[in-house]
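Topology and contacts: notes
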Amino acid sequence: MLRWLLLIPFALLFAIGAGMFALLIASVISPDLGLLIGGGFERLMAALFDMAAQGFDPGPAADAAFSLLGRLGFAILVAPVLLVAIGSELFRLRSGLIQSGLTGVLAALLPLAMLGLSRAPTVAELQIISALFLVGAATGFVYWVIAGRGAGGERADPA
């Protein structure tokens, strides 16, 4: 029980950190994702400074923008690995393929669901979605490597 209480949270925290690193690598490798992350943040900061220079309070706009960024970060890095970890522990499905694959699928689909795309994604958006899938798969794999097959303990043998 103590192993379960210590190992799984440690594995989740380490996997989320690895996911942030994988997102950084993906933004360097994928020009569209890099432009989205780097260029979007640069434009946000420029807009906030322009608002302040014009005498407007940038606080509400900054709050809304950083709230959206936080929700997207949660949907990409935290929620997928957490949901898959809970599900795999409840149903005792501790396969590396399940951990990686489901986490990758959720990491790619949750942001789309949050943004509510009601049209077919463009080629650039598909590249971003596939990069998010790979980031999620890496996050799930790191969780599986640390927590392993026996994270929640072994099943009691029926006598």
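Higher on the page you've got the structure.
So, here is what we can say about the structure in this document. (Residues numbered from 1 in each chain as written. Predicted model: local features only at pLDDT ≥ 70, side-chain atom pairs only at ≥ 80, totals over all residues. Heavy atoms only, no water.)

Along its length, the protein carries five helices and zero strands. The long-range fraction of contacts in the protein, counting pairs at least 24 apart against all pairs at least 6 apart in sequence, stands at 75%. A total accessible area of about 9,700 Å² is found for the protein, and carbon and sulfur atoms account for 75% of it. (Helix = DSSP H or I, 4+ residues; strand = E, 2+ residues; numbered from the N terminus. Contact = heavy atoms within 4.5 Å. Areas by Shrake-Rupley, 256 points an atom, 1.4 Å probe, with all protein chains shown as cover.)

Glancing now at the environment of Pro31. One can find Pro31 in helix α2 (residues 31-53). Judged by relative accessible area, which is 58%, Pro31 ranks as exposed. Along the sequence, Pro31 and Gln127 sit 96 residues apart, while their C-alpha atoms lie 9.3 Å from each other. (Buried < 20%, exposed > 50% of the residue type's maximum accessible area, 1.4 Å probe, protein only.)

Attention shifts here to the packing of aromatic side chains. Within this structure, the stated rule accounts for two aromatic pairs. Pairing Phe141 with Trp144 gives two aromatic rings, centres 6.0 Å apart and planes at 35°, and the pair type is tilted. Taken together, the residues span about one helical turn, with Phe141 and Trp144 both in helix α5 (residues 123-147) at a distance of three residues. With a relative accessible area of 26%, Trp144 lands in the partly exposed category. (Phe/Tyr/Trp six-rings, centres within 6.5 Å; stacked < 30°, edge-to-face > 60°.)

This next bit is on the nonpolar core. Grouped together as the largest cluster of nonpolar side chains are 19 residues, with contacts concentrated most on Leu12, Leu33, Val81, Val135 and Tyr143. In terms of residue count, the dominant contributor to this core is helix α1 (residues 2-29) (eight residues). Discounting residues that sit within four places of it in the chain, Tyr143 has contacts with Ile8, Ala11, Leu12, Ala15, Val81, Ala85, Glu89, Gln99 and Gly148. (Core = buried A, V, L, I, M, F, W, Y, C linked by side-chain atoms within 4.5 Å.)

For the rest of this paragraph, the subject is helix α3 (residues 59-91). Residues spaced three or four apart along an α-helix face the same direction, because each turn holds 3.6 residues. For α3, spanning 33 residues, the distance from its first C-alpha to its last is 45 Å, which sits close to the expected 48 Å at 1.5 Å a residue. At Ala75, α3 shows its largest kink, close to 40°. (Expected span 1.5 Å × (residues − 1). Bend = angle between axes of the 7 residues up to and from the residue.)

On to the packing of α3 against α5. Packing of α3 against α5 leaves a shortest axis separation of 10 Å and a crossing angle of 45°. By the angle class used here, α3 and α5 are oblique. In the crossing of α3 with α5, the sense of the turn from one axis to the other is right-handed. Contacts between α3 and α5 involve Ile76, Leu77, Val81, Ala85 and Glu89 from the former and Leu132, Val135, Thr139, Gly140 and Tyr143 from the latter. Residue composition of the contact of α3 with α5, by class: seven nonpolar, two polar and one charged. (Axes fitted to C-alpha atoms, helices over the stretch in contact; angles between N-to-C directions. Parallel < 35°, antiparallel > 145°, perpendicular 65-115°, else oblique. Left-handed = near helix turned anticlockwise from the far one by under 90°. Nonpolar A, V, L, I, M, F, W, Y, C, P; charged D, E, K, R; others polar.)

The end-to-end C-alpha distance of α2, which contains 23 residues, comes to 31 Å, matching closely the 33 Å that a straight helix rising 1.5 Å per residue would cover. Among the residues of α2, those classed as buried are Leu33, Gly39, Leu44 and Leu48. Positioned one or two residues after α2, Gly55 has a phi angle of 95°, which is positive.

Okay, the side chain of Ser100 next. If you trace the backbone, Ser100 turns up in helix α4 (residues 96-115). Owing to a relative accessible area of 13%, Ser100 belongs among the buried residues under this scheme. Side-chain polar atoms of Ser100 contact the backbone nitrogen of Phe141, separated by 3.5 Å. Contact partners of Ser100, with chain neighbours within four places excluded, come to Gly136, Ala137, Gly140 and Phe141. (Polar contact = N/O pair within 3.5 Å; in protein donor to acceptor, adjacent residues only side chain to side chain.)

Worth remembering: the numbers are spatial, not functional.
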